[in-house]
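Notes for the structure review
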Amino acid sequence: MEIKKTACIGSGVIGSSWATNFALKGYPVALYDLDQAQLDLAKERIETNLKYLVKNDVLKEGEVADILGRITYTTSMEEAVKDAQFVQESVKESYDVKHKVIEEFEQYAPADAIYASSTSGLLITEIAKYAKNPERFIGGHPYNPPHLIPLVEMTKGEKTSDEVLQAGKDFFIAIGKEPVILQKEALGFISNRLQMAVTREICELVMRGVCTVEDADKALTFGPGVRWGIMGPCLVFNLGGGKVGIEGLFKGGKPSIDLWLNDMATWTSFPDEWPEIAQKGVNEAIANRPAEIGNTVEGLGEYRDDMLIALLRLHNKL
């Protein structure tokens, strides 16, 4: 399938970032929302995204007008999808809402248009449950912000065709993404499950009084996190095992590793008091940071994106 035009349904933070990504890579994109005020806000977000990239020498000032010229804004679903080959949906995380969007999408979109949902954990089988052509629905879950972070977690429903899944993967690769494909549907997908597993253990350590929120974050950032920004833990363990690799590392380390695992959290619901404890710990951690690495929420966000740019350049992703 040759993709010549794209559309984004939903113009929030994720939808406007996707639109930025598509336009950056040279694709015309129609950004749709029910609310004109939301579209106006999305346009501001996109312009801010591009200004930030110019500031960090990812783009040249002269390129911005051409990129913005590839984006149209509309409150008409028909206008948005009528000639699009690839549609990225980023509406509310609700089956009911997505079902209504799909009904309208199928009324106006070309019969072979690919519909990718940005859902962060819902099942594509359920999302496409009432679709006339469920074979063309896939999951395309990004990591925020999509126009910077390469990861896309791809999922298929029970009726998704392999050809559509492959076409979606090829398109994501063409716009500089690193797609990973779930071999079967799983709530929360891959990355969010990994993220929550680590966060559960942080919560356990903090609630036991082993460490503060700030020190848990530091331990991860300047230990495993540094290595994980280069390669995944399985590859890291393989290097750690030397000549015996990851197999030898886990076989040899099993007695000790099992002791840690037996002492780690196994609960399946965060304690009710955790949100307040976490917020207090985060506020203290931010206040303790030097200004140059963000000691306000706004400054922290800028520092995150600056570091993302630097890391992505090391990975040849910008």
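Residues numbered from 1 in each chain as written. Predicted model: local features only at pLDDT ≥ 70, side-chain atom pairs only at ≥ 80, totals over all residues. Heavy atoms only, no water.

**A few points about the overall build of the protein**
To keep it simple, the criterion reads: Helix and strand assignments come from DSSP, with helices taken as H or I runs of at least 4 residues and strands as E runs of at least 2, each series counted from the N terminus. The globule rule used here is 2.2 Å times the number of residues to the 0.38 power, and the radius of gyration it is set against is calculated over C-alpha atoms. Each residue is placed in one exposure class: buried if its accessible area under a 1.4 Å probe, protein chains only, is under 20% of its type's maximum, exposed if it is over 50%, and partly exposed if it falls in between. Residue contacts follow a heavy-atom distance rule, with two residues in contact if any of their heavy atoms lie within 4.5 Å. Charge convention: Lys and Arg are scored as positive, Asp and Glu as negative, and His as well as the terminal groups of each chain are ignored. Every charge is mapped to an atom, namely NZ of Lys, CZ of Arg, CG of Asp or CD of Glu.
Each helix and strand in the protein was counted, giving 14 helices and 8 strands. Its C-alpha atoms give the protein a radius of gyration of 22 Å, within 12% of the compact-globule value 20 Å for 318 residues. Here the C-alpha coordinates of the protein stretch approximately 60 × 45 × 45 Å along the principal axes. In the protein, which comprises 318 residues, the proportion classed as buried is 41%. At a minimum sequence separation of 6, the contacts of the protein that also span at least 24 residues come to 68%. Taken together, the 34 basic and 46 acidic charged side chains of the protein have centroids lying 4 Å from each other.

**Observations concerning the packing of helix α11 (residues 233–240) against helix α12 (residues 245–263)**
Think of two packed helices as two axes; the pair is described by the angle between the axes and how far apart they sit. Note the threshold: Helix axes are fitted to C-alpha atoms over the stretch in contact, other axes to C-alpha atoms as well, and angles between N-to-C directions run from 0 to 180 degrees. Angle categories: roughly parallel below 35 degrees, roughly antiparallel above 145, roughly perpendicular from 65 to 115, and oblique for all the rest. Polar here means any residue other than Ala, Val, Leu, Ile, Met, Phe, Trp, Tyr, Cys and Pro, which are nonpolar, and Asp, Glu, Lys and Arg, which are charged; Gly is therefore polar.
Direction vectors running N to C along α11 and α12 enclose 80 degrees, while the axes themselves pass 7 Å from each other. For the element pair α11 / α12, the angle class is roughly perpendicular. Taking contact as the criterion, the partners of C234, F237, N238 and G240 in α11 are, on α12, G245, I246, L249 and F250. Considering only residue class, the contact of α11 with α12 consists of 5 nonpolar, 3 polar and no charged.

**Notes on the sheet that holds strand β7 (residues 151–156)**
Which entries qualify depends on this criterion: What makes two strands pair is DSSP finding at least two bridges between them.
The strand order β3-β2-β1-β4-β5-β6-β7-β8 describes an open sheet built from 8 strands, whose pairing is mixed. The open sheet has two edge strands with one neighbour each: β3 (71–74) and β8 (178–181). The sheet shows a mean angle of 25 degrees between the axes of neighbouring strands, taken without regard to direction. Where strand β4 (residues 86–89) meets strand β5 (residues 114–117), 4 bridges bridge the pair, whose relative direction is parallel. Each residue of the ladder has a partner; that of F86, found in β5, is I114. In the packing of helix α7 (residues 162–174) onto the sheet, the strands contacted are β1 (6–9), β4, β5, β6 (137–142), β7 and β8, and the crossing angle to β7 comes to about 175 degrees.

**Some thoughts on α7**
Rules: Helix span, as expected, comes to 1.5 Å for every residue beyond the first. Working note: the arc is built from the helix axis to C-beta atom directions.
An ideal rise of 1.5 Å per residue puts 18 Å on 13 residues; α7 measures up with 18 Å between its terminal C-alpha atoms. Taken together, the buried positions of α7 are occupied by V164, L165, A167, G168, F171 and F172. Buried residues of α7 fall within an arc of 165 degrees about the axis and therefore sit on the same side. Turned more than 90 degrees away from the buried face of α7, the exposed residues are D162 and E163. One or two positions beyond α7, positive phi appears at G176, with a value near 85 degrees.

**Here we look at the pattern of salt bridges**
Selection rule: When a carboxyl oxygen of Asp or Glu lies within 4 Å of a side-chain nitrogen of Lys or Arg, that pair is called a salt bridge.
Here the structure, examined in full by the defined rule, presents 13 salt bridges. For the salt bridge of K98 with E89, the shortest nitrogen-to-oxygen distance reads 2.4 Å. On the basis of relative accessibility, which here comes to 1%, the residue K98 falls in the buried class. On the accessibility criterion, E89 (0% relative accessible area) is buried.

**Some remarks on the pairing of β5**
Which entries qualify depends on this criterion: Orienting the strands away from the viewer, one traces the path from the first strand over the helix to the second; a clockwise path indicates a right-handed crossover.
Of the two faces of β5, the one lined by I114 and A116 and the one lined by Y115 and S117 are each fully buried. Handedness of the crossover joining β4 and β5 through helix α5 (residues 95–108): right-handed. Across 3 bridges, the pairing between β5 and β6 is parallel. Its bridge partner lying in β6, S117 is registered against G139.

**Considering the layout of surface pockets**
Our working rule: Using a grid of 1 Å spacing that covers the protein atoms alone, one calls a set of points a cavity when a 1.4 Å probe fits there but cannot get out, and a pocket when the set is open and has protein on both sides within 12 Å along at least five of seven lines; lining residues are those with an atom within 4 Å of a point. Grid points are joined across faces, edges and corners, and a volume is the space filled by probe spheres set on the points.
Within this model, the second largest pocket holds a volume of roughly 340 Å³. Lining the second largest pocket are 16 residues, and of these T48, N49, H147, R304 and D305 lie nearest its centre. Of all the elements in the fold, those that place two or more residues in the lining of the second largest pocket are α1 (13–24), α2 (36–55) and α14 (297–314). Classifying every residue of the lining of the second largest pocket by side-chain character gives 4 nonpolar, 7 polar and 5 charged.

**Focus: the environment of E2**
Looking at the element boundaries, E2 is found in the segment before β1. On a C-alpha basis, the gap between E2 and E204 in space is 49 Å, while along the polypeptide they are 202 residues apart.

**Examining the side chain of S117**
Rules: Polar contacts here mean pairs of N or O atoms no more than 3.5 Å apart (in protein, one a potential hydrogen donor and the other a potential acceptor; neighbouring residues in sequence count only if both atoms are side-chain atoms).
Looking at the secondary structure, you find S117 in strand β5. Residue S117 is classed as buried on the basis of its relative accessible area of 0%. Within the structure, S117 has its side chain in polar contact with the side chain of E89 (distance 2.7 Å). Sequence-distant contacts of S117, defined by excluding residues within four places in its chain, comprise Q88, E89, K98, I124, I127, I138, G139, G140 and H141.

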